[in-house]
Amino acid sequence: MSSSCRPRPLSLMFLLGMGMASERISCPSRCSCQYLEVNCTGQQLKEFPVAIPLDTRQLILAANNVSYLPAVELSFLADLVYLDCRKNLLGDDLDFTFIGVAKLVYLDLSFNNLTQVTFSTFSHLQSLVVLKISDNPNLVAIEKDAFANNTWLRHLDVSRTGLKFLDTSTVRDLPNLRFLGLSDNLWHCNCSFLDFITWMTESNVHFPDADNITCYTPEGLRALKMPAVEAQLHFNCLPQLYKQDYIFLCLVGFCIFFAGTVAAWLAGVCAVIYEVHTSKGEEGEEEEEDTIT
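Everything numeric here is computed off the predicted structure, so don't read it as measured data.

Reading the values: the criteria
- Residues numbered from 1 in each chain as written.
- Predicted model: local features only at pLDDT ≥ 70, side-chain atom pairs only at ≥ 80, totals over all residues.
- Heavy atoms only, no water.
- Patch = residues over 30% accessible without salt bridge, like charges linked within 9 Å, V, L, I, M, F, W, Y side chains within 5 Å.
- Areas by Shrake-Rupley, 256 points an atom, 1.4 Å probe, with all protein chains shown as cover.
- Salt bridge = Lys/Arg side-chain N within 4 Å of Asp/Glu carboxyl O.
- Lys, Arg positive; Asp, Glu negative; His and termini not counted.
- Charge placed at Lys NZ, Arg CZ, Asp CG, Glu CD.
- Helix = DSSP H or I, 4+ residues; strand = E, 2+ residues; numbered from the N terminus.
- Buried < 20%, exposed > 50% of the residue type's maximum accessible area, 1.4 Å probe, protein only.
- Contact = heavy atoms within 4.5 Å.
- Polar contact = N/O pair within 3.5 Å; in protein donor to acceptor, adjacent residues only side chain to side chain.
- Pairing = 2+ DSSP bridges.
- Axes fitted to C-alpha atoms, helices over the stretch in contact; angles between N-to-C directions.
- Disulfide = S-S within 2.5 Å.

Colleague: Which parts of the structure should I look at to understand a negative patch on the surface?
Modeller: Residues D92, D93, D95, E143 and D145 make up a contiguous surface patch of negative charge. When you line up the elements, E143 lands in the loop between β8 (141-142) and β9 (155-157). Classification of E143 as partly exposed rests on a relative accessible area of 36%.

Colleague: I'm lost on the environment of T56 in this one. Help?
Modeller: The residue T56 is located in the loop between β2 (37-39) and β3 (58-60) in this model. Given a relative accessible area of 1%, T56 falls into the buried group. The spacing of T56 and C33 is 23 residues in sequence and 9.3 Å in space, taken between C-alpha atoms. The contact partners of T56, leaving out residues within four places of it in the chain, are L36, V38, D79 and L80. For T56, the side chain forms a polar contact with the main-chain oxygen of P53, separated by 2.7 Å.

Colleague: Looking at this structure, I do not really get the sheet that holds β9. What am I missing?
Modeller: Here eight strands make up an open sheet; going across it, the order is β1-β2-β3-β4-β5-β7-β9-β10 and the pairing mixed. The strands lining the two open edges of the sheet, one partner per strand, are β1 (32-34) and β10 (179-181). Averaged over all pairs of adjacent strands, the angle between their axes in this sheet comes to 5 degrees, without regard to strand direction. Where β2 meets β3, three bridges bridge the pair, whose relative direction is parallel. Among the inter-strand pairings, E37 is bridged to a residue of β3, identified as Q58.

Colleague: Just to check I follow, could you spell out the pattern of salt bridges for this structure?
Modeller: For side chains of opposite charge, pairing can occur when their charged atoms come near one another. One pass over the structure, following the stated rule, counts six salt bridges. The residue K103 makes a salt bridge to D79 at a minimum N-O spacing of 3.0 Å. Of this pair, K103 sits in the loop between β4 (82-84) and β5 (106-108) while D79 sits in the loop between α2 (71-75) and β4; the two residues are 24 residues apart in sequence, bridging distant segments of the chain. Accessibility expressed as a relative area gives 46% for K103, which makes it partly exposed. Between E219 and R222 there is a salt bridge whose closest N-O contact spans 3.8 Å.

Colleague: Whenever I open this one, the state of the cysteines confuses me. Can you help?
Modeller: As used here, a disulfide is simply a covalent bond connecting the sulfur atoms of two cysteines. Applying the stated criterion to the full structure yields four disulfides. Across the disulfide, C27 is cross-linked to C33 (sulfur-sulfur distance 2.0 Å). When the S-S torsion is 90 degrees, as for the bridge of C27 with C33, the disulfide is right-handed. Note on C27: relative accessible area 14%, which makes it buried. With its sulfur 2.0 Å from that of its partner, C31 forms a disulfide with C40.

Everything listed is a geometric property; what it means functionally is a separate question.
What follows is the structure, given as structure tokens:
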């Protein structure tokens, strides 16, 4: 056997070593990297890590101090499907942040400082299935069309936030929604919220921790569970008529009836007078014709 056909263990070891070294070099500092996964949990990072492998599918940044997600750096991770950013300091500047990660299926932004969710926040995540934005105590507003493009969304958690109101169409128009977390929020159960509570009773969506989905205001409905409060709201929101209201309605009805009767009588009298006048005119014409002849 010629020397060119002999195995070269040193060469193989060298190539293997170079591959392992390149893998270590491409892994962000203070993070651990496995096949298609980068895990930076609990590393007290203040900024988005650099040198993330471009073929990363799963990125875990949980329990850090990251306050900003750079849209450009994220767009390099075009194959990313799983992003865990819970327990960070992310604020309300997330509009258009995820424009370059359209394949994202799982996104966890719980335990952050979000204040609002607009249409531009998640509109580019058309493959999103799981979205967790719970435990954001400063989250007070979710726009009506915030999830209009997230039609594949099955799991949505907005528990333990500062939300007082959620438009019914925001969740009703999600055809694949099966799980909706609403517990421990500051729900204001007024007449405007009745439509949402009615939807809860009629939908097939599962509401976990249902015992803690309660009204916070007004005072008279505090701690009442939703959707059991629907009956009370129906009673409070439907028009209530008092004795004087019924008397007034009866008087109005009588006046309408009396006016209609009088109008009909007058119309009848006018018709009779007209008929009599017409018949007398015809008789006079006949008498004149007889006299001439």
